[in-house]
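Examining the three-dimensional arrangement
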Amino acid sequence: MSLLNSLFNRGILGAKCKTCLNLAISRIKHLRNKRELQLRNMRKEIAQFLQTGQEAIARIRVEHIIREMNILAAYEILELFCEFVYARVPILETQKDCPPELQEAIASIIFAAPRCLDLPELMQVRNLFGTKYGKEFVLAASELIPDSGVNRGIIEKLSVKAPPANVKLKLLKDIAQEFDLQWDSSVTEAEFNKKHEDLLEGLKQMSRPTAELRAPESQSSFDFLLTKEEHSSRPVCQHQGIQRVEVSSKVDARVGLDSAANPDNVAQRDGPPSDWNMGKNLQPCDVMERARTAIASAEKASAAARAAAELVKRMRNHPENGKTSDAQKGESG
């Protein structure tokens, strides 16, 4: 009973395989004629782009032409393999394992089936071979395991890698020669030979001036912060008059710092219009010099105030001051 079932299943698999292969051969012939017509039209478009000086568009479109040519070449190989397997289906029915002379053709069909969506019949043939020879046989051909037997031309033509520059340049020259165009390929050769790092060099050059402009600003602001901290860390005298002098000096220094940071806002402050307008028209270097001058004058005023405070203390602690105050008390009494 099992022998009858195996014979019956072999007949069914063979009939289905022959039907699918026959349909695949017919579809491949139809698609080949269609793609050949598309390729002729695409080559004419590339020639027009080269003639009108639109080489950038031609360099992009030529990759699509190369992919179409590769698919067309793969279809030719698959058509031969399908015809070969179609003629050997009776041999496949009588043998349990895949014959060595048919391994390359069957493995190539299995590999190309999911990569050629225009040929759905190949997927059916792939499933039939998976039922007969097992999933491991199909997996070995799909994953390109060593000794799987897939044709090297099928692997290269159905690859998704971008075509190399020399292939694209050669095709452009062939198209220009085909349509008798006087095309200078020096610009295109320079573009194809340009490396990826060379394309990014422009961005690096654009970022360098920005960094150079930002560095002095950060350094000047850091210097202002240091002078401000040093100025605020100085001791403050307790005398009221001296405090006013230091407060006025700090205000002058604060004005100098604000003018250095925001020279456009100087005209909005209170004070003589002529001075503020003069500060508004100053360059950043002049504003920085004025700010430093204001800080230096503030430090000198602070030093003078401290000296005055020391003089006042000495006068209060001098003995003659005490005698004078006692004499004044006796006269008043």
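Computed from a prediction, not measured in an experiment: that's the story for all the values here.

**Looking at the overall build of the protein**
A tally of regular secondary structure across the protein gives 14 helices and zero strands. The order of α-helices and β-strands along the protein, N terminus first, is α-α-α-α-α-α-α-α-α-α-α-α-α-α. Within the protein, the proportion of its 333 residues that are buried is 30%. Accessible area for the protein stands at about 22,300 Å²; split by element, carbon and sulfur atoms hold 54% of it.

**Some details on helix α5 (residues 120-133)**
Between its first and last C-alpha, α5 extends 20 Å over 14 residues, near the 20 Å set by a 1.5 Å rise per residue. Those residues of α5 that fall on the buried side of the exposure criterion are E121, L122, V125, R126, L128, F129, G130 and Y133. Directly beyond the C-terminal end of α5, a positive phi value near 100 degrees is found at G134.

**Regarding the pattern of salt bridges**
Using the criterion set out here, one finds 13 salt bridges in the structure. Between R32 and E79 there is a salt bridge, and its shortest N-O distance comes to 2.7 Å. Of the two residues, R32 sits in helix α1 (residues 2-51) while E79 sits in helix α2 (residues 55-87), which places them 47 residues apart along the sequence. A salt bridge links K194 to E191; the nearest nitrogen and oxygen atoms lie 3.8 Å apart. The class of K194 is partly exposed, set by a relative accessible area of 36%. Residue class for E191 comes out partly exposed when judged on its relative accessible area of 36%. A cluster of three or more residues bridged by salt bridges with shared partners is formed by R32, E76 and E79.

Procedures and definitions
What you see as residue numbers is a count from 1 along each chain, following the sequence as written. pLDDT decides what is reported in this predicted model: residues at 70 or higher carry local features, side-chain atom pairs at 80 or more are listed and counted, and totals for whole chains, interfaces and linings draw on all residues regardless. Where side-chain values are given, they derive from all heavy atoms of the structure, hydrogens and water being excluded. Numbering goes from the N terminus for both helices and strands, where a helix is a DSSP run of H or I of at least four residues and a strand is a run of E of at least two. Burial classes: relative accessible area under 20% of the type maximum marks a residue as buried, over 50% as exposed, and values in between as partly exposed (1.4 Å probe, protein chains only). All accessible areas in this document rest on Shrake-Rupley with a 1.4 Å probe, and a residue is counted as covered only by the protein chains that are shown. Each residue after the first adds 1.5 Å to the expected span of a helix. Only one rule defines a salt bridge in this text: a Lys or Arg side-chain nitrogen within 4 Å of an Asp or Glu carboxyl oxygen.

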